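An overview of the molecular structure
Given next are the chains, with one letter for each unit.
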Amino acid sequence: MASRILSLPRNVAVDTMAYLHESARIDTTAGGCHVARVSVVHGAHGAYRQVQPKTRALDATRSRGRPAKAFNTYSEARLLVHQVAHLAATGETPAAGFDVSHLCANGACCNPLHLVIESHESNMDRQRCLGTVVGTVACAHSECAIAHPFEKLVCAHTPPCIVRTVV
């Protein structure tokens, strides 16, 4: 999928993300993930959210002289929305063998703060990462009956995963 995103100009990625925000097509979860309400395509390895890139057309006109819509469809294939979001925010595209990876382990997330470019192997390894383990543990003191909260980072990735696993 990296080859498709390479042909997309950054200004079109910015326009596409602006369109999604302006049309209220992005929802924010409690964990800070931005999930775009766009078409979902089911592939061999799961579900992928795809978006048709858009570009502003200020001086375009439709037939019979009427003004055109604010956005015209860009002549590119459908792209993964998290890749478009990362390109719009940073201007970087993944090279061959690299992916736009989710630090939050939410494949539907398009929050640029949750995205990073890394090798395909690291991207796949993040899917099994526990991130920060949180829970409670019984007190070691015999007179104390309180379950004390604990939090332990078990992620070895750089940058670390922002996943929180409750035990």
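Residues numbered from 1 in each chain as written. Predicted model: local features only at pLDDT ≥ 70, side-chain atom pairs only at ≥ 80, totals over all residues. Heavy atoms only, no water.

**Re unusual backbone geometry**
Here the bond from Thr-158 into Pro-159 is cis, since omega is -5 degrees, no more than 30 degrees from zero. Here Pro-159 lies in the loop between strand S11 (147–153) and strand S12 (164–166). Backbone geometry at Ala-24 places phi at a positive 55 degrees, although glycine is not the residue there. Within the secondary structure, Ala-24 sits in the loop between helix H2 (10–22) and strand S1 (26–28). On the basis of relative accessibility, which here comes to 45%, the residue Ala-24 falls in the partly exposed class. Of note in the backbone geometry, Ala-105 takes a positive phi value of approximately 65 degrees without being a glycine. Relative to the helices and strands, Ala-105 resides in the loop between strand S8 (98–102) and strand S9 (115–119). For Ala-105, a relative accessible area of 52% translates into the label exposed. (Helix = DSSP H or I, 4+ residues; strand = E, 2+ residues; numbered from the N terminus. Buried < 20%, exposed > 50% of the residue type's maximum accessible area, 1.4 Å probe, protein only.)

**Let's talk about the confidence of the model for the protein chain**
Caution applies to low-pLDDT parts of the model: their predicted coordinates are not meant to be read in detail. Residues with a pLDDT of 70 or more make up 82% of the protein chain, whose mean pLDDT is 82. Highest mean pLDDT in the protein chain belongs to S9 (96); lowest belongs to strand S6 (residues 71–73) (43). Contacts from residues 58–76, a stretch scored under 50 in pLDDT, to residues over four places away or in other chains number 36 contacts. (pLDDT = per-residue confidence, 0-100. Contact = heavy atoms within 4.5 Å.)

**Some details on H2**
The end-to-end C-alpha separation of H2 is 18 Å, in line with the 18 Å expected for 13 residues at 1.5 Å each. At the exit of H2 stands Ala-24, carrying a positive phi of roughly 55 degrees. (Expected span 1.5 Å × (residues − 1).)

**Focus on the packing of H2 against helix H3 (residues 81–90)**
At a closest axis distance of 8 Å, the pairing of H2 and H3 adopts a crossing angle of 115 degrees. In terms of axis orientation, H2 runs roughly perpendicular to H3. Crossing of H2 against H3: the hand is left-handed. For the pair H2 and H3, contact is made by Arg-10, Ala-13, Val-14, Thr-16, Met-17 and Leu-20 and by Val-81, Val-84, Ala-85, Leu-87, Ala-88, Ala-89 and Thr-90, respectively. Grouping the constituent residues of the contact of H2 with H3 by class yields ten nonpolar, two polar and one charged. (Axes fitted to C-alpha atoms, helices over the stretch in contact; angles between N-to-C directions. Parallel < 35°, antiparallel > 145°, perpendicular 65-115°, else oblique. Left-handed = near helix turned anticlockwise from the far one by under 90°. Nonpolar A, V, L, I, M, F, W, Y, C, P; charged D, E, K, R; others polar.)

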